[in-house]
Amino acid sequence: MKISVRKIALGVLLVGAFVLAACGGASDGAASGGGLTVGSDGENLAYAPVSLTAKAGEKVSLVFKNNSTALQHNFVLVNGGEDVANAVNDAGSEAGEAAGYVPADKANIIVSSALLAPGASETLEFTAPAAGTYTYVCTYPAHLGGGMKGTLTVN
Ligand SMILES: [Cu+2]
């Protein structure tokens, strides 16, 4: 009787370990794959996370959440790196608040959110571009200058 109880206990342990191992891969919160989540980093001029990954050509559903209680933010993924992001940011500032700080022609923009109020969120759908690295920025005036940017790596 003593032995069979031990066997049952061992079996429970093994099953438990297996379940933990099976769940471990998806529980780190790192944004990757078809479903991505990114937010503003509290009251900081920053995104969290600052890096995302996707596979070329896959349909991506990205949830952008403004976690600030005071600041407006947007999420603009540009078709290039920091030089392109700076140009898009300048065009966004010129476009003004009524345009959500996104230029009407959306030149060099893969996808962009609206200018979100504190606490608001928006789901963006887009097709991941060709393999490479792409910068995302907040085009609200001075936010990129404050460090509000990140990198999407497409594999
Ligand atoms: Cu911002």
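Source: prediction; values computed, not measured.

*Asks:* What am I meant to see in the sheet that holds strand β5 (residues 76-78) here?
*Replies:* The strands making up a sheet associate through backbone hydrogen bonding, with each pair oriented either parallel or antiparallel. On the basis of which strands lie adjacent, the open sheet formed by 5 strands has the order β3-β9-β8-β5-β6 and mixed pairing. Bordering the open sheet on either side are β3 (51-54) and β6 (109-112), each of which pairs with just one other strand. Within the sheet, the average angular offset between the axes of one strand and its neighbour, ignoring direction, is 25 degrees. Where β3 and strand β9 (residues 149-154) come together, 4 bridges link them in parallel fashion. When the bridges of β9 are listed, Leu-52 appears paired with Leu-152. In the packing of helix α2 (residues 82-95) onto the sheet, the strands contacted are β5, β6, β8 (132-137) and β9, and the crossing angle to β5 comes to about 130 degrees.

*Asks:* For this particular structure, what's the right way to read the coordination of the copper ion?
*Replies:* The copper ion binds to the protein through His-73 (ND1), Cys-138 (SG) and His-143 (ND1); the donor distances cover 2.0 to 2.1 Å. Owing to a relative accessible area of 0%, His-73 belongs among the buried residues under this scheme.

*Asks:* Please explain the packing of aromatic side chains as it appears in this structure.
*Replies:* Given two aromatic rings, their pairing is described by the distance between the two centres and the angle made by the two planes. In the structure shown here, the tally under the stated rule is 6 aromatic pairs. Look at Tyr-101 and Tyr-140: their rings are 5.1 Å apart centre to centre, the planes differ by 65 degrees, and that puts the pair in the edge-to-face class. One end of the pair, Tyr-101, is in the loop between α2 and β6; the other, Tyr-140, is in the loop between β8 and β9, and 39 residues separate them in sequence. Exposure remark for Tyr-101: the relative accessible area of 9% places this residue in the buried category. Chaining the aromatic ring pairs together yields one cluster made of Tyr-47, Phe-64, Phe-75 and Tyr-136.

*Asks:* What am I meant to see in the environment of Lys-55 here?
*Replies:* By the secondary structure assignment, Lys-55 is in the loop between β3 and β4 (59-65). Exposure remark for Lys-55: the relative accessible area of 59% places this residue in the exposed category. Remark: the alpha-carbon pair of Lys-55 and Val-154, spanning 99 residues in sequence, is separated by 5.3 Å. Here Lys-55 is in contact with Ala-128, Val-154 and Asn-155, once residues within four sequence places are set aside.

Rules behind the numbers
Residues numbered from 1 in each chain as written. Predicted model: local features only at pLDDT ≥ 70, side-chain atom pairs only at ≥ 80, totals over all residues. Heavy atoms only, no water. Pairing = 2+ DSSP bridges. Helix = DSSP H or I, 4+ residues; strand = E, 2+ residues; numbered from the N terminus. Axes fitted to C-alpha atoms, helices over the stretch in contact; angles between N-to-C directions. Contact = heavy atoms within 4.5 Å. Donors = N, O, S within 2.8 Å, 3.2 Å for Na, K, Ca; no water. Buried < 20%, exposed > 50% of the residue type's maximum accessible area, 1.4 Å probe, protein only. Phe/Tyr/Trp six-rings, centres within 6.5 Å; stacked < 30°, edge-to-face > 60°.

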